[in-house]
Amino acid sequence: MDAQGRGRADDIDPADQWVLNPNTGDYELRLNPSSGQSAVPGPRRSSPRPTGQRGQTGQNRQNGRTREEQDSREVPGQRRRRAPQPEPASRRRSRPKKKSRAKKALLWTGGTMAFVMVAAAGGVYLYLRHLDGNISTTDVVGAKNGFSKDEAFNLLIIGTDKRTGKGNEGYGDKGSVGHADTNILLHVSKDRTNATALSIPRDLVVDIPECQVREKDGSLRTIEGTPDQRFNTSLGQSGRDAGCTMKTVKAVTGITPDHFMMADFNAVKTLSSAVGGVDVCVAKPVDDAESHLKLPKGHSVVEGEQALAFLRTRHSFGNQGDLDRIKVQQQFLGSLARKMSSGDTLTSPTKLTSLAEAATKALTVDKGIGSLSHLKDIALELKKVPTKNISFLTTPVIDNPADGVVHKTVIVNPTLAPQVFSMIKNDVSLTETKKKEKAAEAAKLKGPKSAAADVRVDIYNGSDTVGAAQQTLTWLQNNEGVTKSTQLGNAPKKLSKTTLEYAPDQADQARRLADIMGLPASALKPGKSEKNDQGLPAMILTLGGDFEGAGTPIAAPSKAPDNVEKSTADKTVCAK
C-alpha cells in the first residue's frame, strides 16, 4: 500500500508520517514497517502501560482500548504491526484525538524543506547552464586543450579597441577591426606563491610571424607574417585572430601563452560595476577633455563609464603616451584584484552573482578553457596567489631609432628585456618571495669540482633549437676546455628543462659542468651514467626548452634588473 493509502487506512494524516529522529534532529518519513530505519520514540500515552507478558489479552483490555486505537491518538513511532486484538464489549470505541496544528505545521515544514532543497539544487544547475551559455569561445591554433591545476600557466589577456556594445561609439578607432590595444601576459607560478603580469605596449614594433586561423568550415588559412609592425596589428589586421597574437608573444618574449582571454570596452564597464566600483588614486586633479575623466586629487571609486575613461586616459598622466597609460592600467588591475579577493565581494551573494554574469558575458576565450568549470578552476588557482606577490611591470623598451626626432614607437630593450623574459619563462618570482630549494637539492652544487679536462659528457638536443647539441659541444671544447665531450644528436623526446644525469662517483664532474654552463641545482639528476663510444662512463647532458644558446647560462636570473620599474597588487600607487 502506498504512503497516502496507508495513512487513510490507519486514519493517519500523511503529514504525520514525518517523524523527528532525536539522534539526528532530522525528520524522517516512516512508510514500510519492515525497512531498516533508525529507531524513534513511540507515542506518549495518557496512562501507564500495563505490566505482564506481551500478548496477554486480559491485560491489554485493562486500558479499555486496543493497541490500534492508541496508535490513532498520537503521531506513531515506527514499529512492527501485531495481529489486531478483540475489542471489549464493555467499552465504546473512543474518538481519535485531533492532531496539534503546530505539530502538523512542523511536520509539513520538514517535507516542504526537503522539496525546496531538491528544487534549489535543480535551480543552481540551471543557473550554471545559463552561465555556461554566456561564454563566447574562439577556436585558435596554439592554445592548449584544457587547463591543468598542477602546472604553471601563462594567460594572455587582450583588450581590443573595437567599438562593440551600447555607448561605445566614441571610444577607440572608428571602423577598427579590433586591434590588440591592451596586452598583458599573466604568468602564474607552479606553486601558486607568485604571479607576474607583463604588459606589452601596443606601439612596440615587432615582426608579426606567419600564423594560421581556423575558418568556419574547420579548414586552416595561413596569413603571411609582416616585419616591423606595431604589436597591436597582431590581432584583427588581415583577419588575424587571438592565436596570431599568442604566436607573436612567443616570438617576442620566448614565452608560450597557454590560453587567452579577450575583452572589449563593455567588459571594463560591467566588471567594475559588478564589484561595486574600483578604488583608484591620482596625484593631482584630472579633467581630461578627450576621455571625459574628472577626478579630484587623491582616492576615488570608479565604475562603468568612469572606469573605462580612467583606463583610456593618457593625456593627463606622465608624458601623455601609451607607456604611462599602461601604468594606470596596472594600478587599476591591482585594485580590482584586491577588490575581488576581499571579504566584501566574496561574502556578498549579490556581488558574486553580478560578477559571474558580467565575467561570462564580457569575455571571449579559447575553446580549451571555454567552460564555466575551467574558468572557475583558473579563478580558484589565481585566488591562491597573495596580492603582495602579484607583480606588474612593462616589457623593457627603448625608443625606436627609426622614428627620428618624434618618438612614436618603441622596440624591445636588448639588455634588460631578456632577463625579465628568462625569469618568467623559468618560473622565477619577481618579488622578494623566492622558491626555496630543498636542502638536499641545493647541496648538489656544494663540494669539490673536477678539472674541466676531466669532465666526460655526452650531449643530446631535447630543445626546439636546431643544432643545439653541436653548438654546445663546440663551445665546451674550444672555450671551456671540456675536451672529453661528445654530441649524439637529438634526444628521444623534447624536454622543457635541461638535465644532467650522472653516477654518484661523477658528482665532482657534474658540479664542474654545472658551474661552466650555469645549471641550476634542479637540473642535476644523480643516478646513472652511460658508456661513451670508447666504453668509458660519461654523464648525460640533455638540452631542454630553457636552452637559449651556447655560453648563455641555463639558470634564470634570481631577481629582476634594478632599473626595471615594477609594482605589486597589494599597494596603491597614485597616477601622476
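Coordinates for the structure precede this section.
Note that the structure is predicted; figures quoted are calculated from it, not measured. (Residues numbered from 1 in each chain as written. Predicted model: local features only at pLDDT ≥ 70, side-chain atom pairs only at ≥ 80, totals over all residues. Heavy atoms only, no water.)

A. Layout of the packing of helix H14 (residues 468–479) against helix H15 (residues 507–517). Packing of H14 against H15 brings their axes to within 12 Å, and their N-to-C directions diverge by 105°. Judged by the angle between their axes, H14 and H15 are roughly perpendicular. Seen from H14, the contacting residues are Thr472, Trp475 and Leu476; seen from H15, they are Leu513, Ile516 and Met517. Split into classes, the residues belonging to the contact of H14 with H15 amount to 5 nonpolar, 1 polar and no charged. (Axes fitted to C-alpha atoms, helices over the stretch in contact; angles between N-to-C directions. Helix = DSSP H or I, 4+ residues; strand = E, 2+ residues; numbered from the N terminus. Parallel < 35°, antiparallel > 145°, perpendicular 65-115°, else oblique. Contact = heavy atoms within 4.5 Å. Nonpolar A, V, L, I, M, F, W, Y, C, P; charged D, E, K, R; others polar.)

B. Looking closely at helix H12 (residues 417–425). Within the span of H12, buried status applies to Ala417, Val420, Phe421, Ser422, Met423 and Ile424. Of the surrounding secondary structure, the elements contacted by the buried residues of H12 are strand E5 (180–188), strand E6 (195–199), helix H5 (242–253), strand E17 (390–394) and strand E19 (410–412). Two residues or fewer past H12, Asp427 is found with a positive phi of approximately 60°. (Buried < 20%, exposed > 50% of the residue type's maximum accessible area, 1.4 Å probe, protein only.)

C. Looking closely at the sheet that holds E5. Pairing within the open sheet is mixed, and its 8 strands lie in the order E3-E16-E11-E4-E5-E6-E17-E26. Each edge of the sheet is formed by a strand with only one pairing partner; in this case those strands are strand E3 (136–138) and strand E26 (566–568). Sheet twist, expressed as the average angle between the axes of neighbouring strands with direction ignored, equals 25°. Alignment of strand E4 (residues 153–160) against strand E11 (residues 259–263), held across 5 bridges, turns out to be parallel. Note that in E11 the partner of Gly159 across the bridge is Ala263. (Pairing = 2+ DSSP bridges.)

D. Just the state of the cysteines, in detail. Scanning the model with the defined rule gives 2 disulfides in all. Covalent S-S linkage joins Cys211 and Cys244, the inter-sulfur distance amounting to 2.1 Å. Between Cys211 and Cys244 the sulfur-sulfur dihedral comes to about 80°; the bridge is accordingly right-handed. One end of the pair, Cys211, is in strand E8 (residues 211–214); the other, Cys244, is in helix H5, with 33 residues separating them in the sequence. For Cys244, a relative accessible area of 1% puts it in the buried group. (Disulfide = S-S within 2.5 Å.)

E. Representation of the nonpolar core within the structure. Ranked by internal contacts, the top residues of the largest apolar core, which has 31 residues, are Ile158, Leu198, Leu204 and Phe260. If one sorts the elements of this core by residue count, H12 sits on top with 5 residues. Ala452, Val455, Val482 and Tyr502 belong to the second largest nonpolar core, which has 26 residues in total. (Core = buried A, V, L, I, M, F, W, Y, C linked by side-chain atoms within 4.5 Å.)

F. Highlighting the pairing of E11. Judged by how many residues are buried, E11 sits mostly within the fold: 5 of 5 residues are covered. Neither face of E11 is left uncovered, since the one carrying His259, Met261 and Ala263 and the one carrying Phe260 and Met262 both have all their residues buried. Looking at chain direction, E11 and strand E16 (residues 363–366) are connected through 3 bridges and run antiparallel. Among the inter-strand pairings, Ala263 is bridged to a residue of E16, identified as Leu363.

G. Fine view of the pairing of E17. Counted residue by residue, E17 has 5 buried out of 5 residues, so it is predominantly covered. Burial along E17 is two-sided: the face carrying Ile390, Phe392 and Thr394 and the face carrying Ser391 and Leu393 are both buried. Sheet analysis places E6 next to E17, joined by 5 bridges and oriented parallel. For Ala197, the partnering residue across the bridge sits in E17 and is Phe392. Pairing analysis gives 3 bridges linking E17 to E26, with the strands arranged antiparallel. Across the sheet, residue Ser391 finds its bridge partner in E26, namely Thr568.

H. Examining the pattern of salt bridges more closely. Taken as a whole, this structure holds 20 salt bridges when the rule is applied. Glu381 is the salt-bridge partner of Lys384, the closest N and O atoms lying 3.1 Å from each other. Under the relative-accessibility criterion, Glu381 is labelled buried at 4%. The salt bridge involving Asp464 is made with Lys494; its shortest N-O contact spans 3.7 Å. Remark: Lys494 occurs in the loop between strand E21 (484–490) and strand E22 (499–502) and Asp464 occurs in the loop between strand E20 (456–461) and H14; sequence separation between them is 30 residues. You'll find Asp464 and Lys494 in the same group, each marked exposed. Counted as one network, the salt bridges with shared partners bring together Asp181, Arg202, Asp203, Arg230, Arg312, Asp322 and Arg325. (Salt bridge = Lys/Arg side-chain N within 4 Å of Asp/Glu carboxyl O.)

I. Summary view of the side chain of Arg325. By secondary structure assignment, the location of Arg325 is in helix H8 (residues 322–340). Every residue in contact with Arg325, bar those within four places of it in the chain, is listed here: Asp181, Arg202, Leu311, Arg312, Thr313 and Arg314.

J. Structural view of the packing of aromatic side chains. Under the criterion given, the structure shown has 3 aromatic pairs. Between Phe310 and Phe332 the ring centres are 6.4 Å apart and the planes differ by 35°, which places this aromatic pair in the tilted class. Residue Phe310 is located in helix H7 (residues 305–312), and its partner Phe332 is located in helix H8; the two are separated by 22 residues in the primary sequence. Residue Phe310 shares its accessibility class with Phe332, and that shared class is buried. (Phe/Tyr/Trp six-rings, centres within 6.5 Å; stacked < 30°, edge-to-face > 60°.)

K. Structural context of the side chain of Thr233. Position of Thr233 relative to the elements: it lies in the loop between strand E10 (226–230) and H5. Given the relative accessible area of 13%, Thr233 is considered buried. Discounting residues that sit within four places of it in the chain, Thr233 has contacts with His179, Ile208 and Arg240.

L. Local environment of the environment of Gln320. In this structure, Gln320 sits in the loop between H7 and H8. By relative accessible area, Gln320 is classed as partly exposed at 43%. With residues up to four places along the chain from it excluded, the contact list for Gln320 reads Arg314 and His315.

M. Spatial organisation of the environment of Ala362. Within the fold, Ala362 resides in helix H10 (residues 349–362). If we skip the residues at most four places from it in the chain, Ala362 touches Met262, Ala263, Asp264, Ala267 and Thr270.

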